[in-house]
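# Chains, contacts and geometry: an overview
Okay, here's what each chain looks like letter by letter:
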Amino acid sequence: MNQQEYTNMIVMAFQAKDSQTRSKAEELLIQTCQNDIGSIDILCELSSQQNDLLLGEQAAITIKTAIKKFIANTKPYAAELRLHHVDLFVQMFTKQIPNKIKDIVQQALQQLVCYDKQNHFKTRLKQHVIQSIETKLENMVVSACFIAETLQLDNQFEWFQSIIKIGKIIDGFSQSTKILWAKVLFSQLDRHLTTNQMRSVPDPIQQYFLFNEELCQVLILKIQQLTFVGDDLEYCQLIVASQRLIYGSIFTFYKEAIANKCPFQEILCVICDTYIQSLVAFTMQPSFSYENLNQNQQKLINEIIKILAITCKSVSVYHIFAEYRMAIFVDIIVPFFSSTYKEVNDLNEDPNEFVQLTQDLLDEQKSDIIKSSVAQLIIAYCQHIDGSISFFTSFTTLTASYCIQKLKNTEISQQLGLIMEFREHYFLKSMNVNILLETSLLILSILSNFLISRNEVGLLFKSFIGEYNDYLINYSIPLVKARLCTFIGAFCKTILNEKDELSYQLLNFLMNQIKSSQTELYANCYCAIEAIKNIIEEPNLEKLLEPNIGQILLVLCQSLIQSDFEDHFDTIKQIFKTFSLEPTVLDQALSFIVLKIQQEQQLVEQGQTERQICINQTWNILKALPEIENIIPIHFTLLEKRVSVLYKYIINPNIIDFDEDIVYFISQLICKTKFISDFQAEMFFQCKKVIEKQRFTLGQLFELFNYYIYYGKSLFSNLNAQEFLIQMLETVFNNPQIGESSQGEAILLLHLLLQEYQLNKEVLIYIYTKILQRSQLLVKNDFLRARLMGIYISGFIKNCALTLEWVEQQQGFIYDHIIDSSKYCLPDYDCQLYVFGFCQLLLQNPRYLNLALLQNLVGVLKNQYNNDLKKAKDDKDDSEDMFVFNDELEDAKIIMETFQSNITKHNEFEQFHLTYQHLRKTINIPELISNDSILKKDLDDMLKINKFNSEARIILKLKKRKET
């Protein structure tokens, strides 16, 4: 194959109009590369061509894909061929081709490096890096950087010192080469100081970076001329980011471990002083505008503020941050913490984003933006620089007062003191007054964690709110009202009191802001919800809320109709859990919640499938209600009457995605009330379609049917209900397409039906016959064998005579299988059923006792006893299984954790003891076991066991048995 043929195939694979044609051409191209030993050579030549950059890029992509196929191929990828390919890629890095193509080739080399388990060429590549840098030629330096990016630093990391040395010769190179070098440096620092963080003593590679004097010199050289303009912004940003990683490790993780050894400590004052002065000088320029910053300027400023927030923790630069506190606050914090055009736009266009950013600023500051970094700087100041909390608080409060007075067109009060000295400063003269006001309120909210315990602060803010509440509540713009909501939520503990009229005014304000969703001011609504959520979570404010909680809940539920805000749903749920509610309030609230689901479902049916998230969140509210003592059982009728409107959707479950929510909700209601209502009984007969939708598995229906059978005595006295249930369960346990644990669930429910109800002969024969047919098919798991035979054992409990009659009609072999099923019994339920069921049989029909049955009963009890001992030991040791080898068995065990059955309430040892005493009156048991000494001993041991429950753990004791 020659260049032209490869060119034709590449064009067809990447540029053909038809996707099917492209796919086939790509497959042919890669297959050709696999079969042609010289394919990578030709592709490298095509990637190096200057006259067709698009073709070059596509050829490079083909190289990367082909190398991946070479590695994955079962045919050995010879070491000689790999070495040849490595040499080709290294040569590519030295050529005058776009870095975009080199990046792709570098990814191909990365694959080879990862595949090089025997280190055929890693040492060779490291040597090439050193030699290339020694030439001081730019193309060779570029090659070295691309190679370095493919190599992981290991115990032999000394070669990377050559990469660091590039920083001393790089000033004469092109900007792209500088950026490439800075990226390589940052990448390795990030990998070893962030990704592989250690929280004690640094590992050798980390020490290598942190104690590297040459790296320290290189990085300090790069910050001397910081102007925030020009084409070197990305380069500077990477340098500052690298410094941030180093200082972040020093002050966050290692502290004293390296304090006196690290050269970076010595230049910290220079770095901080340079960055603060440079940034202040930049913001004080008449032409400065936050909104006009380009992306590279924003990234650089963000990194600088991040590093200032980190280094502020160091005692060695305490004096610098204390000295520059006023300048940093006025010229860095205020302008860069103000809302941008995007944030103001998000207030209306993307309210979720607006509120999420606000919450991030208050909580964790994880957003990688300037505003989040400024929040980190504010917090660092408050934590480490004395007097900063008082200064920031008083100055910001005065600033907010100044703004309100100016917006009200009143004469500026001379009592504003320090603010008056800044009347001609940028932040008062040039900033939009509303923006400055909202910025002040947000800064105060950030400070709340440091202020809420200070009584004088509470008085200060009450005075501030008391003086300006009329303007803030009634006349301020939506952005300021949103920030006021956040302010109230942050300081609720300090400024709210149940005996204070102002507190009720602020609560009314929050409720009005929640209502603003009706006028599509969703961000204000969501900020108010966050404030209400904070107030609810403050125990001391319950008395303030109690007279208004009904009104607050109704406002929240009514505005929920237009909302998709996650905390909106959570706040409603929290109110239900925390407060007792009047029936009328609960009724109205439920009507809004149900309406929300109905309206969202209409949107889903119209094709807006993303609205399903809101349905799920709304159902989460409803599903929490049965667990709340203030609602169930007191308001059961009211709750079910409202929610039953949604039950009708289960009639056609294929058009909804909340059928499981309905099933779960009904299950919880039955569980809590322990009876079946008329609504619930009616829904039982609609469940067949849910099983069909779930491809004949039970899922949540297992728990629901369990409760229906266990608590539904009136329902299952009806023959139609019995037959309907049996037919549904038959479609499950006879379904070979599902797992045996799922089949076992259906059989368990039939156990319960047989244990709880006296069934007529026709129903029993139908069940027994179908189970017999299923047991004659393939059964893989022992637990299912136990469950199948457990049907007949369950029949001995309430339907003993008819069950025996059917068993005897099977010519005896079924009875032997039932007895032998003991060897399949799992501990607990299966063992308890086996013992209790056969005890019921023997109490009524002692003649059925034989040696095999007695051996099995004792064996089952012995297994259960040993299991109880093991569980007691495991509980004490707090041990658990680390590996699961049978998922079906584990699923079968898990389902038993929620299974309601009277069988599990019986003491199988006590039951056996009573039955044994009864049998001794008519049967000579010593004679029966006279030839089995092992059975005699085991029987004696089992009769000595006294098992009882103590709190949450089963305790076993041996007692002396009285001879009778």
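Per an unreviewed UniProt entry, the protein chain goes by Importin N-terminal domain-containing protein and derives from Paramecium octaurelia.

## Looking at the pattern of salt bridges
Within the structure shown, the criterion is met by 29 salt bridges. Between Glu600 and Lys596 there is a salt bridge, and its shortest N-O distance comes to 2.8 Å. Within this pair, Glu600 and its partner Lys596 are both found in helix 33 (residues 583-605), separated by four residues, close to a single helical turn. Of the residues examined, Glu600 reaches a relative accessible area of 3% and is grouped as buried. We note a salt bridge from Lys937 to Asp941, for which the minimum N-O separation is 3.1 Å. Highlighted residues: Lys937 and Asp941, both in helix 51 (residues 933-943), separated by four residues, approximately one helical turn. A relative accessible area of 25% means that Asp941 is categorised as partly exposed.

## Some details on the nonpolar core
Residues Phe89, Trp181, Phe336, Phe576, Phe705, Tyr708 and Phe838 are the most contacted members of the largest nonpolar core, which totals 348 residues. Those residues within four positions of Phe838 in sequence are excluded, and the remaining contacts are Ile793, Phe796, Tyr815, Ile818, Ile819, Leu833, Leu853 and Leu857.

## Description of unusual backbone geometry
In this model, Ile632 is joined to Pro633 through a cis peptide bond whose omega is 5 degrees. Not every positive phi belongs to a glycine, and Asn409 is a case in point at roughly 60 degrees. Structurally, Asn409 can be placed in the loop between helix 21 (388-407) and helix 22 (426-429). Located in the positive-phi region is Glu520, a residue other than glycine, with phi close to 70 degrees. Topologically, Glu520 is positioned in the loop between helix 28 (501-515) and helix 29 (522-536). By relative accessible area, Glu520 is classed as exposed at 54%.

## Section: the packing of aromatic side chains
Taken as a whole and assessed by the stated rule, the structure comprises 48 aromatic pairs. When the centroid spacing of 5.8 Å and the interplanar angle of 80 degrees are considered together, the rings of Phe288 and Phe336 count as edge-to-face. In this pair, Phe288 is assigned in the loop between helix 14 (268-283) and helix 15 (295-311) and Phe336 in helix 17 (residues 325-337), connecting sequence segments 48 residues apart. By relative accessible area, which is 7% here, Phe288 ends up buried. The rings of Phe684, Phe685, Phe705, Tyr708, Phe716, Phe724 and Tyr757 are connected pair by pair, giving a single aromatic cluster. Sitting over the ring of Tyr664, Lys623 keeps its end group 5.5 Å from the ring centre.

Scoring rules and cut-offs
- Residues numbered from 1 in each chain as written.
- Predicted model: local features only at pLDDT ≥ 70, side-chain atom pairs only at ≥ 80, totals over all residues.
- Heavy atoms only, no water.
- Salt bridge = Lys/Arg side-chain N within 4 Å of Asp/Glu carboxyl O.
- Helix = DSSP H or I, 4+ residues; strand = E, 2+ residues; numbered from the N terminus.
- Buried < 20%, exposed > 50% of the residue type's maximum accessible area, 1.4 Å probe, protein only.
- Core = buried A, V, L, I, M, F, W, Y, C linked by side-chain atoms within 4.5 Å.
- Contact = heavy atoms within 4.5 Å.
- Phe/Tyr/Trp six-rings, centres within 6.5 Å; stacked < 30°, edge-to-face > 60°.
- Lys NZ or Arg CZ within 6 Å of the ring centre and 35° of its normal.

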